[in-house]
Number of protein chains: 2
Amino acid sequence: MKERTLERRRRLEEVLRRRQPDLTVLMENVHKPHNLSAILRTCDAVGILQAHAVNPTGGVPTFNETSGGSHKWVYLEVHPTTEAAFRHLRERGFSVYATALKEGARDYREVDYTRPTAIVLGAEKWGVSEEALALADGLIHIPMLGMVQSLNVSVAAAVILFEAQRQRLQAGLYDRPRLDPELYQKILEDWLRK
Amino acid sequence: MKERTLERRRRLEEVLRRRQPDLTVLMENVHKPHNLSAILRTCDAVGILQAHAVNPTGGVPTFNETSGGSHKWVYLEVHPTTEAAFRHLRERGFSVYATALKEGARDYREVDYTRPTAIVLGAEKWGVSEEALALADGLIHIPMLGMVQSLNVSVAAAVILFEAQRQRLQAGLYDRPRLDPELYQKILEDWLRK
Ligand SMILES: C[S@@+](CC[C@H](N)C(=O)[O-])C[C@H]1O[C@@H](n2cnc3c(N)ncnc32)[C@H](O)[C@@H]1O
Ligand SMILES: C[S@@+](CC[C@H](N)C(=O)[O-])C[C@H]1O[C@@H](n2cnc3c(N)ncnc32)[C@H](O)[C@@H]1O
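Keep in mind that what you see is a predicted model, and the values were worked out from it rather than measured.

K.L.:
Quick one: what's the story with the overall build of chain A, residue by residue and with numbers?
P.N.:
Helices and strands together make up the secondary structure of chain A, namely six helices and seven strands. A globule of 194 residues ought to have a C-alpha radius of gyration of about 16 Å, and chain A, at 17 Å, matches this closely. Expressed as lengths along the three principal axes of its C-alpha atoms, the size of chain A is roughly 55 × 35 × 35 Å. The burial tally for chain A puts 55% of its 194 residues in the buried class. Sequence-distant contacts in chain A: of pairs separated by 6 or more residues, those separated by 24 or more amount to 81%. Element-wise, carbon and sulfur atoms account for 50% of the exposed surface of chain A, whose accessible area totals about 8,900 Å².

Here you go:
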């Protein structure tokens, strides 16, 4: 193999060894390409292997240059309904926390993100659906100390995911491969083809 | 006064009592309206009184609906050059940290944001200028554990500013008014007119 090819393989393996199969987001009807793109880019930076989306109004998620190419490296699974997405995540052992601007939602810093965790993010206009709020294991919010009631959705995603990164760095979860060897090999081969 | 007027004044005062005159950002040639807007919205949420921008290529910063109206509540001062912006901040006692993707930049979580702090954010394409990197008191970066080298600028701003919020909440800096009474009154009057 040429030196460049070896170098690239080393880089892919380095990143893959840090991927976290038990941390994810569920984007519920997030539709603006620059928001979707910024969220996937953040997912890549905190080591998310696969993100999830549900898009009740139909249509395939689209990305723009804001993704920085991250949609190549973070798998995105699109579910037909919110209920189907929750079922999928629960079957795989995730606790599902929905972001909510309501009174009574917990401060996002109180959650233990070292356990299998999925974060539900809501539509730019309407937020997380009533259905998802009802299905969730818990509601979380980021403290807002100003005049405006909510953050941009890609900003909110990042604030929560970097708290998760902080906790997982501290717990050593990026120090050893988290994927089982068979899945690791399958993904490496897929990445090498990109 | 009508009940509604009193209610609004109470709300404005509540927010103004949490404003932090000694925390800010300097946006160096950040030009996309949705990034600028998302950054100001985050500034509002962490209690920034006034943000700073420098725009060497000329032109006035523009906002879009992503701001959620926050540009009404966060003052923005535009400086003609990076050097002028640094001088302005230094004269007011700020330590200025530049975000940088270089080796050797400190992890952003290691900085003490309870002291007077300004964060320099760079252009979408080119990042923070060499000039600003050289002038800065320190370089900080957010750990990137994936394939992509950098975050969206409004995302990076939020990750750092919510770490600052965390530290300032813990230090009780939102519990008592931080503006001197004269400035407080002046701003309250300005806000009441909006
Ligand atoms: C612009 S907000 C939606 C605002 C909508 N009017 C509402 O009341 O829910 C879009 C999404 O960003 C996320 N978000 C924004 N601000 C947040 C905060 N302070 N805490 C948690 N999530 C937040 C949530 O996922 C939310 O559904
Ligand atoms: C898209 S980045 C610029 C990338 C540019 N190619 C470079 O090398 O600097 C735009 C801005 O976002 C901020 N930023 C992005 N990722 C960051 C990170 N990991 N740490 C700190 N700041 C970051 C910085 O302010 C940066 O100037």
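K.L.:
Residues and numbers for the relation of the copies chain B and chain A, please.
P.N.:
Once turned by 180° and shifted 0.0 Å along the axis, chain B lies on chain A with an RMSD of 0.0 Å. The superposition of one copy onto the other is thereby described by a two-fold rotation axis. With an isologous cut-off of 70% or more, the 100% of interface residues of chain B that recur at the interface of chain A puts this contact in the isologous class.

K.L.:
Mind laying out the sheet that holds strand β5 (residues 106-107) of chain A, listing which residues take part and the relevant values?
P.N.:
All names here are of chain A. Strand order in the open sheet formed by seven strands is β3-β2-β1-β6-β4-β7-β5, with parallel pairing between adjacent strands. Strands with a single pairing partner mark the edges of an open sheet, and in this sheet they are β3 (75-79) and β5. The pairing of strand β1 (residues 23-28) with strand β6 (residues 117-121) spans five bridges and is classified as parallel. Considered in β6, the bridge of L26 is made with V120. Across the sheet, helix α3 (residues 82-91) lies against β1, β2 (50-54), β3, β4 (95-99) and β6, angled at about 175° from β1, the strand it touches most.

K.L.:
I'd love a proper account of the confidence of the model for chain A, names of residues and values included.
P.N.:
Taken as a whole, chain A shows an average pLDDT of 94; of its residues, 97% reach a score of 70 or greater. If you check the scores for this complex, the pTM reads 0.97 and the ipTM reads 0.96.

K.L.:
A description of the sheet that holds strand β3 (residues 75-79) of chain B should follow, citing residues and the corresponding values.
P.N.:
Sheet strands pair by backbone hydrogen bonding; their relative direction is either parallel or antiparallel. Residues and elements named next belong to chain B. Taking strand neighbours across the sheet as the criterion, the seven strands line up as β3-β2-β1-β6-β4-β7-β5 in an open arrangement whose pairing is parallel. With partners counted over all chains shown, the strands left at the sheet margins are β3 and β5 (106-107), one partner each. Both strand β4 (residues 95-99) and strand β6 (residues 117-121) contribute to a ladder of four bridges, which runs parallel. Across the sheet, residue V96 finds its bridge partner in β6, namely A118. Most of the contacts of helix α2 (residues 33-46) go to strand β1 (residues 23-28), to which it runs at about 175°, and overall it touches β1, β2 (50-54) and β6. Along the sheet, helix α3 (residues 82-91) makes contact with β1, β2, β3, β4 and β6, crossing β1 at roughly 175°.

K.L.:
So what about the packing of aromatic side chains? Which residues, and what values?
P.N.:
One pass over the full model with this rule turns up two aromatic pairs over all chains. Between W73(A) and W191(A), the aromatic rings sit 5.3 Å apart at their centres with planes inclined by 80°, giving edge-to-face as the arrangement. Of this pair, W73(A) sits in the loop between β2 and β3 while W191(A) sits in helix α6 (residues 181-192), placing them 118 residues apart in sequence. Relative accessible area serves as the criterion here: at 8%, W73(A) is assigned to the buried category. Looking at K194(B), its charged tip hangs above the ring of W73(B), at a distance of 5.9 Å from the centre.

K.L.:
Tell me about the UniProt feature "domain: RNA methyltransferase SpoU/TrmH type C-terminal" (unreviewed entry) in chain A, and name the residues and values.
P.N.:
In the numbering used here, UniProt assigns the "domain: RNA methyltransferase SpoU/TrmH type C-terminal" (unreviewed entry) feature to residues 166-188 of chain A. Between the C-alpha atoms that bound residues 166-188 of chain A there is a distance of 26 Å. The span itself is 57% helix and 0% strand.

K.L.:
Report on the site of ligand 2, specifying residues and quantitative values.
P.N.:
Not every one of the 18 residues close to ligand 2 is listed here, only the nearest: T99(B), G122(B), G127(B), I142(B) and L151(B). With respect to ligand 2, the chains having nearby residues are chains A and B. Here an oxygen atom of ligand 2 sits 2.6 Å away from a polar atom, N or O, in the side chain of T99(B). A distance of 2.9 Å separates an oxygen atom of ligand 2 from a polar backbone atom of G122(B).

K.L.:
Explain empty space enclosed by the protein residue by residue, including any values.
P.N.:
Applying the stated criterion across every chain, the model contains two cavities of 30 Å³ or more. The calculated volume of the largest cavity comes to roughly 110 Å³. Y108(A), V159(A), E163(A), Y108(B) and E163(B) are the residues nearest the centre of the largest cavity, which is lined by 13 residues in total. The set of elements that each furnish at least two residues to the lining of the largest cavity consists of α5 (153-170) of chain A together with α5 (153-170) of chain B. With five residues, the single largest contributor to the lining of the largest cavity is α5(B). Tallied by class, residues from the lining of the largest cavity come to seven nonpolar, no polar and six charged. Put simply, the second largest cavity is a space of about 50 Å³.

K.L.:
Lay out the site of ligand 1 in plain terms, naming residues and giving numbers.
P.N.:
As a matter of local geometry, ligand 1 sits amid 18 residues, with T99(A), G122(A), G127(A), I142(A) and L151(A) nearest to it. Around ligand 1, the neighbouring residues derive from chains A and B rather than from a single chain. Take T99(A): an N or O atom from its side chain is 2.6 Å from an oxygen atom of ligand 1. When ligand 1 sits alone it has 570 Å² of accessible area, and the protein chains cover 84% of it. Classifying every residue of the shell around ligand 1 by side-chain character gives 10 nonpolar, five polar and three charged.

Conventions adopted
- For every chain, the first residue of the written sequence is number 1, and numbering continues from 1 along that sequence.
- A letter from A marks each chain and a number from 1 marks each ligand, given out in the order of writing.
- Note on the predicted model: pLDDT of at least 70 is required for a residue's local features to be given, and 80 or more for side-chain atom pairs to be given and counted; whole-chain, interface and lining totals, by contrast, use all residues.
- With hydrogens and water set aside, each side-chain value is computed from the structure's full complement of heavy atoms.
- Working definition: helices are DSSP H or I runs of at least four residues, strands are E runs of at least two. Numbering for both runs from the N terminus.
- Restricting the calculation to C-alpha atoms gives the radius of gyration, and the globule rule supplies 2.2 Å times the number of residues raised to the power 0.38.
- Residue exposure (1.4 Å probe, protein chains only): buried if accessible area is under 20% of the type maximum, exposed if over 50%, otherwise partly exposed.
- When checking whether two residues touch, look at their non-hydrogen atoms; a contact exists if any pair is within 4.5 Å.
- In these tables, accessible area is a Shrake-Rupley quantity obtained with a 1.4 Å probe, and a residue counts as shielded only by the protein chains included in the view.
- Least-squares superposition aligns the copies on the C-alpha atoms of those residues with pLDDT at or above 70 in both.
- DSSP calls a pair of strands paired once it identifies at least 2 bridges connecting them.
- Axes here refer to lines fitted to C-alpha atoms; in helices the fit is confined to the stretch in contact. Angles between the N-to-C directions go from 0 to 180 degrees.
- Predictor confidence is given residue by residue as pLDDT, running from a minimum of 0 to a maximum of 100.
- Two aromatic rings, drawn from Phe, Tyr or Trp (for Trp, its six-membered ring), form a pair once their centres lie within 6.5 Å of each other, and the interplanar angle then sorts them: stacked below 30 degrees, edge-to-face above 60, tilted otherwise.
- Ring-over charges, as used throughout, are those where CZ of Arg or NZ of Lys falls within 6 Å of the ring centre and within 35 degrees of the ring normal.
- UniProt positions are given in the numbering used here, feature names are shortened, and annotations may be inferred rather than shown by experiment.
- Near is defined per residue: the residue qualifies when any heavy atom it owns lies within 4 Å of the molecule or strand.
- Polar contact criterion, stated in full: a pair of N or O atoms within 3.5 Å, where within protein one must be able to donate a hydrogen and the other to accept it, and residues adjacent in sequence count only if both atoms are side-chain atoms.
- Lining residues are defined by having an atom within 4 Å of a point belonging to a cavity or pocket. Those points lie on a 1 Å grid over the protein atoms alone, cavities being sets where a 1.4 Å probe fits but cannot get out and pockets being open sets with protein on both sides within 12 Å along at least five of seven lines.
- Grid points are joined across faces, edges and corners, and a volume is the space filled by probe spheres set on the points.
- Each residue gets one label: Ala, Val, Leu, Ile, Met, Phe, Trp, Tyr, Cys and Pro are nonpolar, Asp, Glu, Lys and Arg are charged, and the others, such as Gly, are polar.

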